[in-house]
Amino acid sequence: MTPGIEITNTELIFTEFSSKEIGLAKYCKSFSLKLNEIKLIGISPRLALDDESIFILIIDKSEKIYPIPEHIIGTKGLENFEKYFELSSVQNEWEKFEYDDHYGKMDKVVYPKEKYWNDLFQKDWKLRIRTLYSWAQPKSFYGNLNKKNVG
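Here goes a summary of the coordinates provided.

1. Description of the overall build of the protein
Along the protein, the regular secondary structure elements total 5 helices and 7 strands. Along the protein, from the amino end to the carboxyl end, the secondary structure elements read β-β-α-β-β-β-β-α-α-β-α-α. Relative to the compact-globule value of 15 Å for 151 residues, the protein shows a C-alpha radius of gyration of 14 Å, a close match. Expressed along its principal axes, the backbone C-alpha trace of the protein runs to roughly 40 × 40 × 25 Å. For the protein, with 151 residues in total, the buried portion stands at 46%.

Right, dumping it as C-alpha cells:
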C-alpha cells in the first residue's frame, strides 16, 4: 500500500511511511478509524532533533491519540482529509507557529470548528515534563487532554 492517508465513505485510513524513509523520530504506525469515531483533530509542531516538523493528531471518542507525520503535506489524501473535515490547510496552520513553539508545548485543536485553536492539552506538570524531552521523542503526546475540548 502507498503511505499516506485516505478517506473512504466511512473510514480514515493512515498507511505508515517506512521508518527508513522518515526516521524513527517521526515514524507513526498505520491505523484505520471510523469517521464517526473522530472527536477532535489537533496539530502539534515539534522539533525532531533540530528539524521543525508537525504532527496531525486524531483523537477518537475513547480519547486515544493517533498521530500522523507531516510527510502527508502536499498529498491528495491530505487535500481530501482537509475538505472532508472543512479544515484550513495544515501547511497554512503550521506557518502560524514560531520556531520556539516546536518544543512540545503547543498543541492546537483544528476540528471541530467551535473548538478551533483551543489548547489540546491542559497546561499542567505533564506538559511541562514533555517539553523537556520532546526534542528527543517528538512523537510523545504525554499529557492530559483539555477537558473543555473533550467534554
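Don't stop here, the text continues.
2. Observations regarding the sheet that holds strand S2 (residues 11–15)
On the basis of which strands lie adjacent, the open sheet formed by 3 strands has the order S1-S2-S3 and antiparallel pairing. Looking at which strands have only one partner, the edges of the open sheet turn out to be strand S1 (4–7) and strand S3 (31–34). Each strand of the sheet is rotated relative to its neighbour by a mean of 15°, with strand direction disregarded. Sheet topology note: the S1/S2 ladder contains 4 bridges and is antiparallel. Looking at S2, one finds that Ile-7 is bridged to Leu-12. Along the sheet, helix H2 (residues 76–84) contacts S1 and S2; its crossing angle with S1, the most-contacted strand, is approximately 45°.

3. Focus: the packing of aromatic side chains
The tally for this structure, following the rule as stated, stands at 11 aromatic pairs. Look at Phe-14 and Phe-17: their rings are 6.3 Å apart centre to centre, the planes differ by 50°, and that puts the pair in the tilted class. Both residues of the pair, Phe-14 and Phe-17, belong to the buried class. Taking the centre distance of 4.9 Å and the plane angle of 75° together, the rings of Tyr-84 and Phe-85 count as edge-to-face. Look at Phe-85 and you get buried, because its relative accessible area is 5%. Each member of the aromatic cluster is reached from another via a ring pair, and the members are Phe-14, Phe-17, Phe-31 and Tyr-66. Above the face of the Trp-117 ring, Lys-96 is positioned so that its terminal group lies 4.7 Å from the ring centre. A cation over an aromatic ring shows up here: Arg-130 above the ring of Phe-121, its NZ or CZ 4.9 Å from the ring centre.

4. As for the side chain of Ser-44
Structurally, the position occupied by Ser-44 is in strand S4 (residues 38–48). Side-chain polar atoms of Ser-44 contact the side chain of Arg-46, separated by 3.0 Å. Ser-44 has contacts with Ser-53, Ile-54, Phe-55, Leu-57, Met-106, Asp-107 and Phe-141, leaving out every residue within four places of it along the chain.

5. Thoughts on the pairing of strand S5 (residues 51–60)
In terms of burial, S5 is a largely internal element, 8 of the 10 residues being buried. Hairpin connection from S4 to S5: 2 residues lie between these consecutive antiparallel strands, with Leu-49 at a positive phi of about 60°. Sheet topology note: the S5/strand S6 (residues 65–69) ladder contains 5 bridges and is antiparallel. Note that in S6 the partner of Phe-55 across the bridge is Pro-69.

The rules behind the values
Residues numbered from 1 in each chain as written. Predicted model: local features only at pLDDT ≥ 70, side-chain atom pairs only at ≥ 80, totals over all residues. Heavy atoms only, no water. Helix = DSSP H or I, 4+ residues; strand = E, 2+ residues; numbered from the N terminus. Rg over C-alpha atoms; globule rule 2.2 N^0.38 Å. Buried < 20%, exposed > 50% of the residue type's maximum accessible area, 1.4 Å probe, protein only. Pairing = 2+ DSSP bridges. Axes fitted to C-alpha atoms, helices over the stretch in contact; angles between N-to-C directions. Contact = heavy atoms within 4.5 Å. Phe/Tyr/Trp six-rings, centres within 6.5 Å; stacked < 30°, edge-to-face > 60°. Lys NZ or Arg CZ within 6 Å of the ring centre and 35° of its normal. Polar contact = N/O pair within 3.5 Å; in protein donor to acceptor, adjacent residues only side chain to side chain.

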